[in-house]
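Below, each chain spelled out in residue letters.
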Amino acid sequence: MSTKKTKKAFGRRFFLGGTGSVLLGLPFLESLMPHKASADVDDGRFAIFIRHGNGVAQADGGRAGAGEPERFWPHSRGALTDESMRGRVVEVLGGHRERLLMVSGLKFGFPGNGCGHSGGGNQCLTAARVSDTPSGNESLAMGESIDNRIARELNPGGAEPLTLFTGRKGSYLPEVMSYRGPRDLRAAENNPQRAYERLVGMTGLAEEQLNQIRARRLSVNDLVREQMQSLLRRDLSISDRRRLDLHFGAIRDMELAMSCRLPEMREMEMAGIDPLSAGNYQELTRMHMDIMAFAVACGLTRTATLQMGNGNDGTEHEIAEYRGGARLPRFHQISHRIYSDGSDGAPIEGAQEMHAEIDKMHGRLFSYLLDRLSSYDTPEGNLLDCGTACWTNDLGAGVSHTYNNIPFIFGGSLGGNLVQGQYVDAKRDGQFTTHNKLFNVILSAVGVRKSGGGLVDNFGDSSLETGMVPEMIAGDAPDF
Amino acid sequence: MLGCQGVIDDPDNSFSNDPRRTPYDPEDPPPPEAPPCLVDCDPTEPERPAATSEFPRLSHRQWENTVTDLLHLTARPGLAAGFQDDPSGTTFFDNNAVVLQVNPNLWQDYQNAAETLSERVAADGAALARIRDGAGSEREVVEALITRTFRRPATDAEVNQYMMVHATGPEHYPDIAPNDAGLAMVIQAALQSPLFVYRVESGTPEDGVVHLDDYQLATRLSYMLWDSMPDDELFRAAAAGELTGDGLPAQAARMLDHELAREKFADFHTQVFDLEIFDNIRVEGASDSIGEMMRDETEHFLDYVTYEQDGSVREMLTANYSFINDELASIYGLSGSFGSDLSKQDLDPTQRAGLLTQPGFLASHKGEVAPILRGVFVNLHVICSALPDAPVFETPVFEGDTRRERVTSATTCGAGCHDLLINPVGFAFETFDDDGRFRTDDGGFPIDAEASFPFDEGTEYFDGPVELAESIASANDSHRCYVQNWLEFAYGRPIQSGDGPLVREVATASREEELSVKEIVIRLVDSEIFRTRAVQIEEAE
């Protein structure tokens, strides 16, 4: 395995450039006080998670899925090559091959409670148990999600993580991913314009007006910052220091928000799109991805999630690259291979192939996200190298609804901490490894630490075995 | 779910969220025979300065009042109404400095409000003239404005900084006169300054205690009584060094005559007695505004007692009069014509006594579990009992002919929760129906309003609401509770153990000397705790 470690020392703030299409950060930002970080590193590392539902078209050895061939993963483990990816879903990620890390052999630690999709969604980013009550499609996670952990420890002022959603939320099983804590599910925003407005504060202003406001605020903020600094004495009480730190961070964040914008044309497109139309699914997803990349590039958040489709996504997809863009049956029914959301129904001809094509569509969208992140330049390299984006699912495969072999595909080395260009197996002695260990790697690499100061090895439910997935880590030992 | 402490059918879960309650587990050891002590539990504990932040932030009300006074506006601008809501923390009040912070959302609100207000002023010649009144040069205008913004004399260096901001005015607002544009920029910067947003109470500690200087005392006093910045007279007294001397209570007495102080008293009573929920009261056959009338009645009554009559806590709890109009009169069972405006009317002293027998309180705590809701409210807000958390009963059993019997059958958790503290108080109000009307029977069955309560100094027996009101007014508990709540509201922070002797002293005077409410407030000003701040000592992270 090629595991050459090439850590990068990023500056706290990026001087953004390249083709990222963000109006650039300003030099005065460098005078701002850095946030407290849990680790000694404070270099803007980030972790983004996107998920689609209904499992992937992988070999399904489970009861109902027995006999389905492998269509998703590469042909072989080890270095990713054109040859190993050819003909499989992941082939659509070939343009980023050298920056990918694919991890198989992972499972969720706990059974669901009456609804496979809900139980999977509950565990997907939490590694927590599924609630006894409520149950079924209303079940909830009994712990916080990884994005919440990152946000509360690394985000400016503990700001909420960016939580996005593509499509129409049905009432049966809408958002499933982001949890503040046990049974505390965070609502996701499915309107890109609203999500963007919350980040930047003001939209709909002409560039000239915006520049005027920006200039006035700069004049004022220079003085305000100086006054804040004069109050920040060494001998302040802890609570007063926290109070002023939060205030100081708020000033900086608003300056960042003011100085970072998506191109005016993209703002207009966001304002004009119907966020509930199934026909806009892919474009809405790309808009959300623009926002996620923009938000981490501008330092507005260190983590974001995007849930593509409902918990049991029933979108009737139209894929230009497949069957000339003809409308497909409901995705959830495709994943069951029958015209039914239950277990009885007429077979859907070519359902396995359709499922693989829907996976590919999501793979192309993931590739778009990696493109967006790569388009931002920093003095040390591009933005993608500073963080990582993860594409996952809340089921292993559709028919069996298995919690085994959940796909985790990463793009970006998280500051040189993740191996790149590899397909690795996390199994131990032939047994699946619980995915909390994968999150321990990501949390530690992004800069989160345990309360006592050590690397995180115990995320998720306390009954799960602690530790990491060493195959993911660049170098010989996890020192991050 | 049946909660044994009053959350049965508690639609807004108001009680289960009360921060003062202590955890209760049915597996815990047997509950105490009397309510646990919250404050002033050890009479030998000495009075101590309170450890507080040196950067208490303005509440939204304070921000609104302050910009009005600072810029000599003729009316409040109404901008703070759009600010992000603040939490209340562990007090009943919205000015608890422990939880008032400037997060990104509020900072955005502050920025927008500062820009909006400065541009309004710059476009209003009369407003600019008021700000410039009495000053000569533009520098003198800026110096005066910054001094008032910081609530202490601005230094030359600070004035220089703001003059530099002033100089940028024409660049940012090329379409208005240069000095007006400069002043607009100065106002924007002033309103976003941490020295404006926070009431800075820095100082050199001696043995861990900071003695506030005259300007800091003036600021504490004006925000305590007015929720706004000091006026010219208070600034003068601070400059003359009168406040660190014996001039503080005299200034307080003067300031209590101001309309802002009257508003502050009203705000206190609104928050401590939760009067806003009265607005939602509906009474069958009455107009939709009956709830607002009930709130008006109680607000009018409290203002009359505390301001017009210079009255006491006892008066508040036992007065047999209120302020009534035609519609309220029907609830009181009064005959005659009273008009649509409220007027003072004497009430039947065998039926009504003070605040707790007014329809607003009674009708905002109604329904099959009204005795529980009323009992919990009085315990928490009037007596300051520490109630345990609600245990859960799977299948509550409501059996009996009267509401009292049904509530008793459904609340079987014993002396630890309902039987000792909640139900007895609630049952005393059984002479009132859900709308606050006096009644002599409960569905044809006799009313039983007899009960007892373990006050600080012993158990008191009472029969009905009038005797209950007398018991509460005579007990130390209610005076201590009222003073404690005033202290939290006036000082803008939760009570601390070192406050015990001051609370005890003022509460004792309130009970034994029938101290007026105004005098209670003045005594809270004329104390060492008001004049000092202890350095916060916290565990390292």
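What counts, and where the lines are drawn
Residues numbered from 1 in each chain as written. Chains lettered and ligands numbered in written order. Predicted model: local features only at pLDDT ≥ 70, side-chain atom pairs only at ≥ 80, totals over all residues. Heavy atoms only, no water. Helix = DSSP H or I, 4+ residues; strand = E, 2+ residues; numbered from the N terminus. Buried < 20%, exposed > 50% of the residue type's maximum accessible area, 1.4 Å probe, protein only. Contact = heavy atoms within 4.5 Å. Areas by Shrake-Rupley, 256 points an atom, 1.4 Å probe, with all protein chains shown as cover. Salt bridge = Lys/Arg side-chain N within 4 Å of Asp/Glu carboxyl O. Disulfide = S-S within 2.5 Å. Expected span 1.5 Å × (residues − 1). pLDDT = per-residue confidence, 0-100. Pairing = 2+ DSSP bridges. Buried area = accessible area lost by both parts, 1.4 Å probe. Polar contact = N/O pair within 3.5 Å; in protein donor to acceptor, adjacent residues only side chain to side chain. Phe/Tyr/Trp six-rings, centres within 6.5 Å; stacked < 30°, edge-to-face > 60°. Lys NZ or Arg CZ within 6 Å of the ring centre and 35° of its normal. Axes fitted to C-alpha atoms, helices over the stretch in contact; angles between N-to-C directions. Parallel < 35°, antiparallel > 145°, perpendicular 65-115°, else oblique.

1. Notes on the overall build of chain B
Regarding its fold elements, chain B presents 24 helices and 10 strands. Counting every position in chain B, which comprises 541 residues, the buried fraction comes to 56%. If you take every contact in chain B between residues at least 6 apart in sequence, the share linking residues at least 24 apart comes to 69%. Just so you have it, chain B exposes about 21300 Å², and 48% of that area is on carbon and sulfur atoms.

2. A few points about the overall build of chain A
If you tally the helices and strands in chain A, you get 12 helices and 17 strands. In chain A, the share of contacts with a sequence separation of at least 24, taken over all contacts with a separation of at least 6, comes to 70%.

3. A few points about the pattern of salt bridges
The final tally for this structure, using the stated rule, is 66 salt bridges over all chains. Across the salt bridge formed by Arg 330 of chain A and Asp 341 of chain A, the nearest N and O atoms sit 3.7 Å from each other. One end of the pair, Arg 330 of chain A, is in strand E11 (residues 327–330); the other, Asp 341 of chain A, is in the loop between helix H9 (331–336) and helix H10 (351–374), and 11 residues separate them in sequence. Asp 341 of chain A gets classed as partly exposed once you look at its relative accessible area, which sits at 36%. Its salt-bridge partner being Asp 448 of chain B, residue Arg 404 of chain B comes within 3.3 Å of it at the nearest N-O pair. Linking Arg 404 of chain B in helix H18 (residues 403–410) with Asp 448 of chain B in the loop between strand E7 (445–446) and strand E8 (450–455), this pair joins segments that are 44 residues apart in sequence.

4. Topic: the state of the cysteines
Residues and elements named next belong to chain B. On inspection of all chains with the given rule, the structure shows one disulfide over all chains. A disulfide bridge connects Cys 384 with Cys 481, and the sulfur atoms are separated by 2.0 Å. Here the disulfide of Cys 384 and Cys 481 is right-handed, its torsion about the S-S bond being about 70°. Of the two residues, Cys 384 is situated in the loop between helix H17 (370–382) and strand E5 (392–393) and Cys 481 in helix H21 (residues 476–491); the sequence distance between them amounts to 97 residues. On the basis of relative accessibility, which here comes to 4%, the residue Cys 384 falls in the buried class. For Cys 481, a relative accessible area of 0% gives the class buried.

5. With respect to H17 of chain B
Residues and elements named next belong to chain B. The first and last C-alpha atoms of H17 sit 17 Å apart over 13 residues, in line with the 18 Å expected at 1.5 Å per residue. Within H17, 13 of the 13 residues are buried, which leaves it mostly tucked inside the rest of the structure. Downstream of H17 by one or two residues, Cys 384 has phi in the positive range, about 60°.

6. A short note on the confidence of the model for chain B
For chain B, the mean per-residue pLDDT works out to 88, and 89% of the residues sit at or above 70. With pLDDT under 50 throughout, residues 1–36 of chain B is counted as low confidence; its partners more than four residues away or in other chains account for 86 contacts.

7. Details of the pairing of strand E15 (residues 408–411) of chain A
All names here are of chain A. Here E15 shows a buried face lined by Phe 408 and Phe 410 and a second buried face lined by Ile 409 and Gly 411. When strand E4 (residues 100–104) meets E15, the two strands line up antiparallel, connected through four bridges. Bridging across to E15, Val 103 finds its partner in Phe 408. Bridge analysis of strand E14 (residues 388–393) against E15 gives four bridges, and the strand direction is antiparallel. Of the residues in E15, the one forming a bridge with Thr 392 is Phe 408.

8. A word on the interface of chain B and chain A
Across the boundary between the two partners, chain B contributes 37 residues, which contact 29 residues of chain A. When chain B packs against chain A, close to 3100 Å² is buried across both sides, 57% of that on carbon and sulfur atoms. Taken together, the connections running from chain B to chain A amount to three salt bridges. Arg 233 of chain A is paired through a salt bridge with Glu 54 of chain B; the nearest N and O atoms lie 3.0 Å apart. Where chain B meets chain A, there are 18 residue pairs in polar contact (both at pLDDT 80 or more). Counting residues per element, the ones that place at least two in the side of chain B that touches chain A are helix H2 (104–122), helix H5 (156–167), helix H7 (178–191) and helix H8 (194–197) of chain B. The element contributing the most residues to the side of chain B that touches chain A is H2 of chain B, with seven residues.

9. Side note on the sheet that holds E14 of chain A
Residue and element names in this part refer to chain A. Within the open sheet, the eight strands sit side by side as E3-E16-E4-E15-E14-E2-E9-E6. Their pairing is mixed. In this open sheet, the two edge strands, each paired with only one partner strand, are strand E3 (78–79) and strand E6 (162–166). Of the pairings in the sheet, the one linking strand E2 (residues 47–52) to E14 comprises six bridges and is parallel in character. By the bridge assignment, Phe 49 is partnered in E14 with Cys 390.

10. Details of the environment of Leu 383 of chain A
Here Leu 383 of chain A lies in helix H11 (residues 383–386). Sequence separation between Leu 383 of chain A and Gly 415 of chain A is 32 residues; the distance between their C-alpha atoms is 9.5 Å.

11. Section: the packing of aromatic side chains
All names here are of chain B. Summed over all chains, the structure comprises 30 aromatic pairs over all chains. Taking 6.1 Å as the distance between ring centres and 45° as the angle between the ring planes, the aromatic pair formed by Tyr 491 and Phe 530 counts as tilted. Of this pair, Tyr 491 sits in helix H21 while Phe 530 sits in helix H24 (residues 528–531), and the two are 39 residues apart along the sequence. Three or more aromatic residues joined by ring pairs make a cluster, and in this case those are Phe 92, Phe 93, Phe 265, Phe 268, Tyr 307, Tyr 482, Trp 486 and Phe 489. Lys 518 extends its terminal NZ or CZ atom over the ring of Tyr 307, reaching a point 4.3 Å from the ring centre.

12. Overview of the pairing of E4 of chain A
Residue and element names in this part refer to chain A. In terms of burial, E4 is a largely internal element, five of the five residues being buried. As defined by bridge partners, E4 adjoins strand E16 (residues 422–425) across four bridges and the pair is classed as parallel. Of the residues in E16, the one forming a bridge with Leu 101 is Gln 422.

13. What about the confidence of the model for chain A?
When pLDDT is averaged along chain A, the result is 85; 86% of the residues meet or exceed 70. Every residue in residues 1–41 of chain A scores below 50 in pLDDT, and together they form 124 contacts with partners more than four places removed in sequence or on other chains.

14. Description of unusual backbone geometry
Residues and elements named next belong to chain A. Notably, Asn 54 is not glycine yet its phi reads approximately 70°, a positive angle. Using a relative accessible area of 0% as the deciding quantity, one classes Asn 54 as buried. Not every positive phi belongs to a glycine, and Ala 127 is a case in point at roughly 55°. The residue Ala 127 is located in the loop between helix H2 (116–124) and helix H3 (146–154) in this model.

15. Here's the deal with the packing of H17 of chain B against helix H19 (residues 418–428) of chain B
Residues and elements named next belong to chain B. Here H17 crosses H19 at 110°, and the two axes come no closer than 7 Å. One way to sum up the angle between H17 and H19 is to call them roughly perpendicular. Along the contact surface, H17 presents Pro 371, Ile 372, Gly 375, Val 376, Val 378 and Asn 379, while H19 presents His 418, Leu 421, Ile 422, Asn 423, Val 425, Gly 426 and Phe 427.

16. Considerations on helix H1 (residues 60–70) of chain B
Residue and element names in this part refer to chain B. In terms of burial, H1 is a largely internal element, nine of the 11 residues being buried. For H1, every residue scored as buried is listed here: His 60, Gln 62, Trp 63, Glu 64, Asn 65, Thr 66, Val 67, Thr 68 and Leu 70. Those residues of H1 hidden inside the fold are in contact with H2, helix H4 (138–150), H7, H8, helix H9 (214–225) and helix H12 (259–272). Downstream of H1 by a residue or two, His 72 has a phi angle that is positive, lying close to 55°.

17. Focus: the environment of Gln 58 of chain A
All names here are of chain A. With respect to the helices and strands, the residue Gln 58 is situated in the loop between E2 and E3. For Gln 58, a relative accessible area of 4% puts it in the buried group. Residues Gln 58 and Phe 72 lie 14 residues apart in sequence; the distance between their C-alpha atoms is 4.9 Å. The residues touching Gln 58, leaving out its near neighbours within four places in the chain, are Pro 69, Glu 70, Arg 71, Phe 72, Trp 73, Gly 396, Ala 397, Asn 404 and Asn 405. Among the polar contacts listed, one links the side chain of Gln 58 to the side chain of Trp 73, at a separation of 2.9 Å.

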